[in-house]
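Per-entry structural report
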Amino acid sequence: MIFTSSIFWIFLFIVLLLYFLIPKNSQWIVLLIASYVFYLFSGYGMVTFLLFTTTISFFAGILLEKINNNSKDYLNNNKSLTREQRKEFKRIIERKKRIIIFISIMLIFSILGFLKYYNFFSLNLTTLSNKLSVNLDLPSLQILLPLGISFYTFQSVGYIIDINRGKIKADKNFPKFALFLSYFPQIVQGPISRYDQLAKQLYESHPFNYDRVKFGFQLVLWGLFKKMVIADRLAIPVNNIFNNYLEYEGFSIFVGVLFFSFQMYCDFSGGIDIARGISEVMGINLVENFQRPFFSSSIDEYWRRWHITLGSWMREYVFYPLSLSKAFTKLGRSLRKTFGNYLGKILPTLIATIITFLAVGIWHGPNWKYVAFGLYYGILISAGIFLAPVRKSTLNKLKIKTDGFSWRLLNILFVFFATTIGRYFARADGIMQAGSMLKRTFSVYNPWVFFDGSLLKLGLSRHEYSIVFISILVLLLIEIFQENGVHIRTTIAKQNLLFRWSLYLAAIFTVLIFGIYGPEYVATDFIYQGF
């Protein structure tokens, strides 16, 4: 049940009607039922995996909290214990908690690992064994990936770890906790929410509020504009180029990758806007997942603006535990002796950064291209950290002002170019195709494709290109305002009634008229729905 399908809007109308008509203390029940009905549309068998993850997370959380509470009570009631006895007791408790965390997280990740990565490993192990003349023929399985499994898996693991750290209390109500993991607007493609940010909002009552409903549907409309007017239109030339890449070279390929940059951003952020808008209508504020990433002036900043909740999750549960672990601390001390203080201090951080982005790449999918994608960004960010002193020294020597617009613009263009190169790996069918397309892009200089009509053979007419370019200009113009602190929806709300509704109707008709439908409209999947 895709956000842009007619059946979803019928479903949403029924959900909202029930949500605001029933007693307020039962609204969470409507959301729970709606979320599981929504999920059942993806396949009856798929709900089993969601329930399994929910059950493991729920009971693991209760066990961890029980151990935490019992250990605190024991220490408070036995203050006469010596320091060594307390230390030994804490060591035993930590060992018990580590066992629970290990078993629960392994069970949860085993489902994700098998369903998402089995065929990848079986194919590569079979290929490797054949090269080594070992008779190993692992079967390939027809596996349908459950909707949103990467998102709800990370959300559940974060919940377990946060309970262990004492940041949150375990949920004692299984149906309510099931809602936290299955909440239908976010399960398609995120954002990856934290329990302390989302759960309370889901369980609270929310009376009908006109302003909130108005703002929510405005955000939904903006998401539909990005998805249906820009992303789905750009998908046509992007698919033509990537599906037939041997027929193209030079600027033709690069234009296709540029288009994909905007397609992916508008598709993903558009879906998030729809999810956040629907939630806002119901009084629930989902966290932002994008903050105008095309205005980033460094790769590190880009990843703080793009897919924010994934980056935050990886920092919190992968990067910091790695970089602050005893093993990495010991590695740092060892490296200081060998390479000196600067390298000894920085190398563990660089290694942790590369490992973290490798995990980001693998999270995206079972393909070597995603491994390359993660390594590409890990190496770029690590190189930026490593060369920061050299960069600073060079800028000082050349007396380049880094606080001016020109310098920021130059950095923004560099980051946009660097992330565009990363899109080759994100969109190509495999790492070999990505490599081939990169080679075909930079080995041929053919600027005439912009003037000889070649781009008109990619599936879009001049009229369609005009719609794309005007729409992207509107997108960038609005983001420039937002970047400068202008809250668009609040600003519109301050205008007079005639102007406001003229703008609303213009936006609605823009989506209705210029959205991509076709003679027999079939709603197009969101890109990140596949992850």
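Residues numbered from 1 in each chain as written. Predicted model: local features only at pLDDT ≥ 70, side-chain atom pairs only at ≥ 80, totals over all residues. Heavy atoms only, no water.

**Topic: the overall build of the protein chain**
On a plain count of helices and strands, the protein chain comes out with 21 helices and zero strands. Computed over C-alpha atoms, the radius of gyration of the protein chain comes to 26 Å, within 12% of the 24 Å expected from 2.2 N^0.38 for 531 residues, which places it in the range of a compact globule. In terms of principal-axis extent, the alpha carbons of the protein chain reach across some 85 × 65 × 60 Å. Distance between charge centroids for the protein chain: 10 Å, based on 54 positive and 29 negative side chains. (Helix = DSSP H or I, 4+ residues; strand = E, 2+ residues; numbered from the N terminus. Rg over C-alpha atoms; globule rule 2.2 N^0.38 Å. Lys, Arg positive; Asp, Glu negative; His and termini not counted. Charge placed at Lys NZ, Arg CZ, Asp CG, Glu CD.)

**Focus on the domain arrangement of the protein chain**
Parsing the protein chain into structural domains produces domain 1 (6-205) and domain 2 (209-290 + 430-531). On a C-alpha basis, the centres of domain 1 and domain 2 stand 32 Å from each other. In this complex, domain 1 contributes 25 residues to the contact, which on the side of domain 2 involves 24 residues. Overall, the association of domain 1 and domain 2 removes approximately 2000 Å² of surface from exposure, summing both partners, and the carbon and sulfur fraction of that is 69%. Applying the counting criterion to the domain 1 and domain 2 interface returns four residue pairs in polar contact (both at pLDDT 80 or more). Among the elements of the structure, α1 (6-21), α5 (149-164), α7 (184-187) and α8 (195-203) are those that each provide at least two residues to the side of domain 1 that touches domain 2. With six residues, the top contributor of residues to the side of domain 1 that touches domain 2 is α1. (Domains from an automatic or database assignment. Contact = heavy atoms within 4.5 Å. Buried area = accessible area lost by both parts, 1.4 Å probe. Polar contact = N/O pair within 3.5 Å; in protein donor to acceptor, adjacent residues only side chain to side chain.)

**Let's talk about the environment of Tyr152**
Within the element layout of this structure, Tyr152 appears in helix α5. For the pair Tyr152 and Ser406, spaced 254 residues apart in sequence, the C-alpha to C-alpha distance is 42 Å. Non-local contacts of Tyr152, meaning those with residues more than four positions away in its chain, are made with Tyr39, Phe49, Leu50, Thr53, Pro146, Leu147, Leu181 and Ile187.

**Side note on helix α4 (residues 83-131)**
With 49 residues, α4 extends only 58 Å from end C-alpha to end C-alpha; this falls clearly short of the ideal 72 Å at 1.5 Å per step. Along α4, the helix axis deviates most sharply at Tyr117, where the bend reaches about 60°. Positioned one or two residues after α4, Ser133 has a phi angle of 60°, which is positive. (Expected span 1.5 Å × (residues − 1). Bend = angle between axes of the 7 residues up to and from the residue.)

**Considerations on the packing of α5 against helix α6 (residues 174-182)**
Put simply, α5 and α6 touch, their axes get as near as 9 Å, and they point 130° apart. Between α5 and α6, the crossing angle belongs to the class labelled oblique. Across the interface between the two elements, Tyr152, Gln155, Ser156 and Tyr159 of α5 pack against Phe177, Phe180 and Leu181 of α6. Looking at the contact of α5 with α6 residue by residue, the class counts come to five nonpolar, two polar and no charged. (Axes fitted to C-alpha atoms, helices over the stretch in contact; angles between N-to-C directions. Parallel < 35°, antiparallel > 145°, perpendicular 65-115°, else oblique. Nonpolar A, V, L, I, M, F, W, Y, C, P; charged D, E, K, R; others polar.)

**Digging into the pattern of salt bridges**
Tallying each qualifying case throughout the model produces 18 salt bridges. Measuring nitrogen to oxygen at the nearest pair gives 3.6 Å for the salt bridge that ties Lys214 to Asp211. With Lys214 and Asp211 both in helix α9 (residues 210-243), this residue pair falls three residues apart, about one helical turn. Ionic pairing is found between Arg292 and Glu483, a salt bridge with its closest N-O pair at 2.6 Å. In this pair, Arg292 sits in the loop between α10 (251-281) and α11 (299-305) while Glu483 sits in helix α19 (residues 462-483), placing the two residues 191 residues apart along the sequence. Arg292 gets classed as buried once you look at its relative accessible area, which sits at 18%. (Salt bridge = Lys/Arg side-chain N within 4 Å of Asp/Glu carboxyl O. Buried < 20%, exposed > 50% of the residue type's maximum accessible area, 1.4 Å probe, protein only.)

**Quick look at the packing of aromatic side chains**
Overall, the coordinates contain 56 aromatic pairs when judged by the stated rule. Measuring from ring centre to ring centre gives 3.9 Å for Phe154 and Trp313, while their planes differ by 25°; the resulting arrangement is stacked. With Phe154 in helix α5 and Trp313 in helix α12 (residues 308-323), the pair connects residues that are 159 residues apart, well separated along the chain. With relative accessibility at 5%, the residue Trp313 sits in the buried group. The interplanar angle of 85° and the centroid separation of 5.0 Å between the aromatic rings of Phe290 and Trp306 together place this pair among those described as edge-to-face. Remark: Trp306 occurs in the loop between α11 and α12 and Phe290 occurs in the loop between α10 and α11; sequence separation between them is 16 residues. Residue class for Trp306 comes out buried when judged on its relative accessible area of 2%. If you follow Lys226 out to its NZ or CZ, it ends over the ring of Tyr265, 5.4 Å from the centre. (Phe/Tyr/Trp six-rings, centres within 6.5 Å; stacked < 30°, edge-to-face > 60°. Lys NZ or Arg CZ within 6 Å of the ring centre and 35° of its normal.)

**Thoughts on the confidence of the model for the protein chain**
Residues with a pLDDT of 70 or more make up 97% of the protein chain, whose mean pLDDT is 91. When pLDDT is averaged over each helix and strand of the protein chain, the minimum, 86, is found for helix α13 (residues 326-339) and the maximum, 96, for α6. (pLDDT = per-residue confidence, 0-100.)

**Some points on the side chain of Gln155**
As for its position among the elements, Gln155 is in helix α5. Once you skip the residues sitting within four places of it in the chain, Gln155 turns out to touch Phe180, Leu181, Gln186, Pro191, Ile192, Ser193 and Leu198.

**With respect to the nonpolar core**
Of all hydrophobic cores here, the largest spans 138 residues; its most connected members are Phe38, Phe180, Phe184 and Trp303. If you tally residues by element for this core, the top one is α10, at 16 residues. Structurally, this core is a two-domain feature, drawing no fewer than three residues from each of domain 1 (6-205) and domain 2 (209-290 + 430-531). Sequence-distant contacts of Phe38, defined by excluding residues within four places in its chain, comprise Met1, Phe3, Phe8, Phe11, Leu147, Phe184, Ile187 and Val188. (Core = buried A, V, L, I, M, F, W, Y, C linked by side-chain atoms within 4.5 Å.)

**Things to note about a positive patch on the surface**
On the surface, Arg83, Lys87, Arg95, Arg98 and Lys326 cluster together to form a positively charged patch. When residues of the positive patch are assigned to their parent elements, the largest contribution, four residues, is made by α4. Locating Lys326 in the fold gives a position in helix α13. (Patch = residues over 30% accessible without salt bridge, like charges linked within 9 Å, V, L, I, M, F, W, Y side chains within 5 Å. Areas by Shrake-Rupley, 256 points an atom, 1.4 Å probe, with all protein chains shown as cover.)

**Examining the side chain of Gln218**
The residue Gln218 is located in helix α9 in this model. A residue is classified by how much of its surface remains accessible, and Gln218, at 13% relative accessible area, is buried.

**Considering α9**
Counted at 1.5 Å a residue, the expected span for α9 with its 34 residues is 50 Å, and the 46 Å between its end C-alpha atoms agrees. Residue Ala231 marks the point of greatest curvature in α9, where the axis turns by about 30°. With a side-chain oxygen positioned 3.2 Å from the backbone nitrogen of Asp211, the residue opening α9 is Asn209.

**Here we look at unusual backbone geometry**
Between Gly190 and Pro191 the backbone carries a cis peptide bond, its omega angle lying at 5°. Locating Pro191 in the fold gives a position in the loop between α7 and α8. Of note in this structure, Lys399 is not a glycine but carries a positive phi near 55°. Position of Lys399 among the secondary structure elements: in the loop between α16 (388-397) and α17 (405-427).

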